[in-house]
Amino acid sequence: MSFVIPQPAPASVAVVGQEARFPVHRIYCVGRNYEDHAKEMGHTGREAPFFFMKPADAVLAAAPGATVDMPYPTLTANLHHEVELVVAIGKGGSHIRAADAHQHIYGYAVGLDMTRRDLQNDMKKQGRPWCIGKGFEHSAPIGPITPAAQAPGAESAAIALQVNGADRQRSTVSKLIWNIAETIEQLSAAWTLQPGDLIYTGTPEGVGAVVRGDVLHGTVEGLAPLTVRIV
Ligand code: MN
């Protein structure tokens, strides 16, 4: 097949212990999936999960053991970090039952749902889409993916983010309001999941702003960490 303009390189993510990479199809994100984060954003109670997307090329993939640079984005004065467990889908499907969900998971990674909070809040107030707050370039930093068989405890692991060595976010993935299997069930009822999809599963409390020069270190126990420098 030939193309009339140069074809963009596919977005991809490193895989722990392998040369081959994980190609990215779509990036789905879950909103307000930890109670204490929902509260800090002014909401209470368990609501049905809701989703938004980032473009696949928003991925900012770190090489194993390396720090990746994230350019400070345009139009914002309030860039927030949200550390999240990311689920990488290896086998697609629609209307996947929670009981079958784990057959569709390739692996797990540490991700950051970087957010232009000022723009997101403006859009919320006006009832407009979140794209400009959430779906911008480099807004989805991600560490190397660990295959599921090598990360049996990822869905109940400690999750944390440090900025310049100081704790900002610290929780456990077991506090997810909608767990990974339930999230896959709900998400796959709305969209047909494809191999290559990434699901950013939500952030715990403690989100906050970062500035140029800050170094963010995200961890989920048992997975390769993610280190990002804001430049
Ligand atoms: Mn998020």
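Residues numbered from 1 in each chain as written. Predicted model: local features only at pLDDT ≥ 70, side-chain atom pairs only at ≥ 80, totals over all residues. Heavy atoms only, no water.

Glancing now at the overall build of the chain. Scanning the chain from terminus to terminus reveals four helices and 18 strands. Taking 2.2 N^0.38 as the reference for a compact globule, 231 residues should give roughly 17 Å; the C-alpha atoms of the chain span a radius of gyration of 17 Å, in line with that estimate. Principal axes of the C-alpha set define a box for the chain whose edges measure 45 × 40 × 35 Å. In the chain, which comprises 231 residues, the share counted as buried stands at 50%. Taking contacts inside the chain between residues at least 6 apart in sequence as the whole, the part at least 24 apart equals 76%. If you sum the accessible surface of the chain, you get close to 10,500 Å²; carbon and sulfur atoms cover 53% of it. (Helix = DSSP H or I, 4+ residues; strand = E, 2+ residues; numbered from the N terminus. Rg over C-alpha atoms; globule rule 2.2 N^0.38 Å. Buried < 20%, exposed > 50% of the residue type's maximum accessible area, 1.4 Å probe, protein only. Contact = heavy atoms within 4.5 Å. Areas by Shrake-Rupley, 256 points an atom, 1.4 Å probe, with all protein chains shown as cover.)

Counting across every chain of the model gives nine salt bridges. As a salt-bridge pair, arginine 229 and aspartate 69 come within 2.6 Å of each other at their nearest N and O atoms. With arginine 229 in strand β18 (residues 226-230) and aspartate 69 in strand β6 (residues 67-70), this pair connects stretches of sequence that are 160 residues apart. Relative accessible area serves as the criterion here: at 35%, arginine 229 is assigned to the partly exposed category. In this structure, the salt-bridge partner of aspartate 167 is arginine 170, at a minimum N-O distance of 2.6 Å. Residue classification places aspartate 167 among the partly exposed positions, given a relative accessible area of 45%. (Salt bridge = Lys/Arg side-chain N within 4 Å of Asp/Glu carboxyl O.)

With that settled, the discussion passes to the environment of isoleucine 27. Its place among the elements puts isoleucine 27 in strand β3 (residues 27-31). Placed 113 residues apart in sequence, isoleucine 27 and alanine 140 show a C-alpha to C-alpha distance of 8.6 Å. Setting aside anything within four residues of it in sequence, one finds isoleucine 27 in contact with Phe52, Met53, Lys54, Pro55, Ala56, Ala58, Val59, Ala140, Leu198 and Tyr200.

Turning to helix α2 (residues 117-126), its buried residues number three or more, namely Arg117, Leu119, Gln120 and Met123. Taken down its axis, α2 places every buried residue within 160° of arc, on the same side. Buried residues in α2 make contact with β7 (79-81), β10 (115-116) and α3 (131-134). Glycine 127 occupies a position one or two residues after α2 and carries a positive phi of about 65°. (Arc of directions from axis to C-beta.)

Below, the discussion takes up the coordination of the manganese ion. The manganese ion binds to the protein through Glu82 (OE), Glu84 (OE) and Asp113 (OD), with metal-donor distances spanning 2.0 to 2.1 Å. All donor residues of the manganese ion come from one chain, and their arrangement in sequence is E-x1-E-x28-D. Of this pair, glutamate 82 sits in the loop between β7 and β8 (83-89) while aspartate 113 sits in the loop between β9 (105-112) and β10; the two residues are 31 residues apart in sequence, bridging distant segments of the chain. With a relative accessible area of 1%, aspartate 113 lands in the buried category. (Donors = N, O, S within 2.8 Å, 3.2 Å for Na, K, Ca; no water.)

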